[in-house]
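Geometric and topological summary
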Amino acid sequence: MLNDVKKLIKRVVDVQSRLERLLACGEVSDVDPYTHCVKLVLPGHDNIQTGWLPVLTRRAMGVQIYALPKIGEQCWALFLPLSGMEKGLVLGATFNRQDTPPTSNAAQTWIQFEDGTRFYYDQVQHHCELNMPAGTLVVTAPETTINSNVTINGDTQINGNTNMDGTLDTTGNIHSDAEVSDATRAMSEDRDIYNEHDHNKKVPPPSNRQ
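The rules we used
- Residues numbered from 1 in each chain as written.
- Predicted model: local features only at pLDDT ≥ 70, side-chain atom pairs only at ≥ 80, totals over all residues.
- Heavy atoms only, no water.
- 1 Å grid on protein atoms, 1.4 Å probe; cavity = no way out; pocket = protein on both sides within 12 Å on 5 of 7 lines; lining within 4 Å.
- Points joined across faces, edges and corners; volume = space filled by probe spheres on them.
- Helix = DSSP H or I, 4+ residues; strand = E, 2+ residues; numbered from the N terminus.
- Salt bridge = Lys/Arg side-chain N within 4 Å of Asp/Glu carboxyl O.
- Buried < 20%, exposed > 50% of the residue type's maximum accessible area, 1.4 Å probe, protein only.
- Pairing = 2+ DSSP bridges.
- Polar contact = N/O pair within 3.5 Å; in protein donor to acceptor, adjacent residues only side chain to side chain.

Digging into the layout of surface pockets
In this structure, the largest pocket occupies an estimated 1400 Å³ of space. If you go around the largest pocket, you meet 36 residues; those closest to its centre are Pro69, Glu73, Ala93, Phe95 and Gln112. For the lining of the largest pocket, the secondary structure elements donating two or more residues are strand E5 (74-79), strand E6 (88-93) and strand E7 (108-112). Considering each element in turn, the lining of the largest pocket owes the most residues, 5 residues, to E7.

In structure tokens, the structure reads:
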């Protein structure tokens with residue numbers, strides 16, 4: 001009878017130990033960018049290091065989302081009950097006292113990068129912002145349509161033809177290395193006409209109206 005009780009206690013302790021190892025918090029110690037896996041060091045379990053654990057992602061086939069945690073980042077992992085702590089899955093990272101959220105506004109959704117680049121949307125203010133402190137933003141598509149008033153603060157380079165329906169207003173000069181024309185004729189033709197007019201030689205004014 002006593003032996004049965006001892007065996008039962010041992011089994012209970014074993015089950016409890018396995019349950020305690022099902023979910024664990026650790027720090028990333030190594031990263032494999034090719035397999036989307038990481039290794040964790042588990043401070044709550046004698047600082048043991050896990051094997052390679054796949055990192056959970058929202059999509060992997062067709063539509064793919066790739067974002068690995070970095071070394072030193074705090075993550076939570078789920079382990080198989082009978083694997084020791086060798087086989088499991090990294091569920092994701094969590095904010096902490098050292099790595100705090102980028103905003104305290106619950107209405108905002110953020111993506112922020114280490115170089116300071118940030119993208120966020122505020123669904124209360126209806127404000128969306130992409131801010132890059134350095135680098136280049138490239139948009140490539142067969143066609144792009146912007147249904148909005150547009151303000152550009154900076155120089156603009158257009159490589160290609162430009163068609164505009166509307167009026168062009170400028171506070172600066174207009175320069176062209178090629179011909180400039182209106183609905184009547186080119187400016188070079190106007191120059192040819194008016195260069196012939198000479199008040200001293202009593203040349204009559206041009207007969208073509210502007």
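Here we look at the pattern of salt bridges
Side-chain pairs of opposite charge can arise whenever the charged atoms involved come near each other. Tallying each qualifying case throughout the model produces 2 salt bridges. The salt bridge partner of arginine 118 is glutamate 129, with a shortest N-O separation of 3.6 Å. Of this pair, arginine 118 sits in strand E8 (residues 118-122) while glutamate 129 sits in strand E9 (residues 127-131), placing them 11 residues apart in sequence. Residue classification places arginine 118 among the partly exposed positions, given a relative accessible area of 26%.

Here we look at unusual backbone geometry
At aspartate 46, a position not held by glycine, the phi torsion is positive, near 60°. Mapped onto the elements, aspartate 46 comes out in the loop between strand E2 (37-42) and strand E3 (48-49). Notably, histidine 126 is not glycine yet its phi reads approximately 55°, a positive angle. Turning to its location among the elements, histidine 126 is positioned in the loop between E8 and E9.

Quick notes on the pairing of E9
Direction of pairing for E8 relative to E9: antiparallel, over a ladder of 5 bridges. Bridging across to E9, tyrosine 120 finds its partner in glutamate 129. Between E8 and E9, which follow one another and run antiparallel, lie 4 residues, and histidine 126 among them has a positive phi close to 55°.

Considerations on the environment of aspartate 115
In this fold, aspartate 115 is placed in the loop between E7 and E8. Here aspartate 115 falls in the exposed class, since its relative accessible area comes to 53%. Between the alpha carbons of aspartate 115 and alanine 134 there is a distance of 8.4 Å; along the sequence they are 19 residues apart. Here the side chain of aspartate 115 touches threonine 117 through a polar contact of 3.0 Å, landing on its backbone nitrogen.

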